[in-house]
Amino acid sequence: MEWRKSSRSHDTNCVELRQDLTAVRDSKRPGVTLPVTRTAVRELITKLGR
């Protein structure tokens, strides 16, 4: 599965979102993922865009 980094991330301080929107991770610790629901990710993106 592919991961996408935030465009606002700097060098090693990156939050990555799995392409299928079901997990996030810290790029410094790629082996540790946090499962999330697609609904939660969409709500977060919507709120951040305001």
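To be clear, the structure that these remarks concern was listed above.
Read on for a plain summary of the structure. (Residues numbered from 1 in each chain as written. Predicted model: local features only at pLDDT ≥ 70, side-chain atom pairs only at ≥ 80, totals over all residues. Heavy atoms only, no water.)

**Concerning the pairing of strand S3 (residues 23-26)**
Burial along S3 is one-sided: the residues Ala23 and Arg25 are buried and none of Val24 and Asp26 is. Where strand S2 (residues 15-18) and S3 come together, three bridges link them in antiparallel fashion. If you follow Val15 over to S3, its bridge partner there is Asp26. Pairing geometry for S3 and strand S4 (residues 33-35), over three bridges, is antiparallel. Note that in S4 the partner of Val24 across the bridge is Leu34. If you look at the hairpin formed by S3 and S4, you'll find six residues sitting between the two strands. (Buried < 20%, exposed > 50% of the residue type's maximum accessible area, 1.4 Å probe, protein only. Helix = DSSP H or I, 4+ residues; strand = E, 2+ residues; numbered from the N terminus. Pairing = 2+ DSSP bridges.)

**Considerations on the sheet that holds S2**
Pairing within the open sheet is antiparallel, and its four strands lie in the order S1-S2-S3-S4. Only two strands of the sheet have a single neighbouring strand rather than two, namely strand S1 (3-5) and S4. Strand-to-strand twist in this sheet, taken as the mean axis angle between neighbours without regard to direction, amounts to 30 degrees. In this sheet, S2 lies alongside S1 in antiparallel orientation, the contact comprising three bridges. Within S2, the position partnered with Arg4 by the bridge is Leu17. (Axes fitted to C-alpha atoms, helices over the stretch in contact; angles between N-to-C directions.)

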